[in-house]
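# Observations on the model geometry
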Amino acid sequence: MQMMEESIRYKVGMAVVFSLLYAGTYRLFQSMGIYQELISFDPWLFYPPAFLRLAAFLVIGYWSIPALFVAGFCCIDFGMDLTGIAIVSAFCAVGGPFAVDMAARVTALKASLSNLTPSRLLILSLACAIGNAAFMKMGLSIVNYETSKMPDYLSIVIGDTIGTWVMIYLIKGALTLYGKSLKN
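These lines cover the structure that appears in this document, whether it is placed above or below.

Criteria and thresholds
Residues numbered from 1 in each chain as written. Predicted model: local features only at pLDDT ≥ 70, side-chain atom pairs only at ≥ 80, totals over all residues. Heavy atoms only, no water. Disulfide = S-S within 2.5 Å. Buried < 20%, exposed > 50% of the residue type's maximum accessible area, 1.4 Å probe, protein only. Helix = DSSP H or I, 4+ residues; strand = E, 2+ residues; numbered from the N terminus. Salt bridge = Lys/Arg side-chain N within 4 Å of Asp/Glu carboxyl O. Axes fitted to C-alpha atoms, helices over the stretch in contact; angles between N-to-C directions. Parallel < 35°, antiparallel > 145°, perpendicular 65-115°, else oblique. Left-handed = near helix turned anticlockwise from the far one by under 90°. Contact = heavy atoms within 4.5 Å. Core = buried A, V, L, I, M, F, W, Y, C linked by side-chain atoms within 4.5 Å.

### Here's the deal with the state of the cysteines
In the structure shown here, the tally under the stated rule is 0 disulfides. Unpaired in this structure, C128 has its nearest cysteine sulfur neighbour in C92, at a distance of 11 Å. Overall, the relative accessible area of 3% leaves C128 in the buried class.

Written out as structure tokens, the structure reads:
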């Protein structure tokens, strides 16, 4: 019983951490003008916080959904009222984790992540991006938000995927440099 309570505390704590990281990363890149500076015609074509959607699910599973839901209140605006933000945030919180779970099952990823390979990671990130875009479209449709044309959702898939891959390779590069510095 005590181990279960510790596990729940760990997952709740990690959910809070991932929520803060997601919202903080979003606000950081937004304040730096990265979205508009890199691709001025469409700010969705580079979205680094998407990495945290994938990482949260891989670390804490479906506990990532409440974390992403809370973070959504800091990131989703579109000029909607609080109810609209809550609905879209809920859909966005579910889309990525659900798609990652389905892709993990298809690719036979073990819960321990012991067989996580670079190619599986890239597949999972693409699934997460597709799930997020599809569920965002559903959420926006429910609140009768002026939904965009399909290329806009395609740009979300591209932006989430590129943002995730860039973050993965930045972290890999940093860890490689750190490992080399320990050897010296």
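### Here we look at the environment of D152
Examined against the element boundaries, D152 turns out to sit in helix α7 (residues 150–183). When its relative accessible area of 33% is taken as the criterion, D152 is described as partly exposed. In the structure, D152 is positioned 102 residues away from A50 in sequence and 16 Å away in space, judged by C-alpha atoms.

### Considerations on the pattern of salt bridges
If you walk through the whole model with that rule in mind, you get 2 salt bridges. One salt bridge connects D160 with R53, and the closest N-O pair in it is separated by 2.7 Å. Remark: R53 occurs in helix α3 (residues 50–60) and D160 occurs in helix α7; sequence separation between them is 107 residues. Exposure remark for D160: the relative accessible area of 0% places this residue in the buried category. By relative accessible area, R53 is classed as buried at 5%.

### Re the packing of helix α5 (residues 82–106) against helix α6 (residues 118–142)
Their axes nearest at 7 Å, the elements α5 and α6 cross at an angle of 150 degrees. In terms of orientation, α5 lies roughly antiparallel with respect to α6. Note that α5 runs across α6; the crossing there is right-handed. Residues I87, V88, F91, C92, V94, G95, G96, F98, A99, V100, A103 and A104 of α5 form the contact with α6, whose participating residues are L124, A127, C128, G131, N132, F135, M136, M138, G139, L140 and I142.

### Focus: the environment of S119
You can see S119 is positioned in helix α6. S119 sits in the partly exposed class, given a relative accessible area of 46%. Along the chain, S119 and A129 lie 10 residues apart, while their C-alpha atoms are 15 Å from each other.

### Things to note about the nonpolar core
Membership of the largest hydrophobic core comes to 31 residues, with the highest contact counts inside it found for F18, Y22, F51, L54, L58, V100 and L124. Elements that contribute at least two residues to this core include exactly α1 (2–31), α3, α4 (64–75), α5, α6 and α7. With 9 residues, the top contributor of residues to this core is α3. Listed in part, the 12 residues of the second largest apolar core include I85, M136, Y153 and V157.

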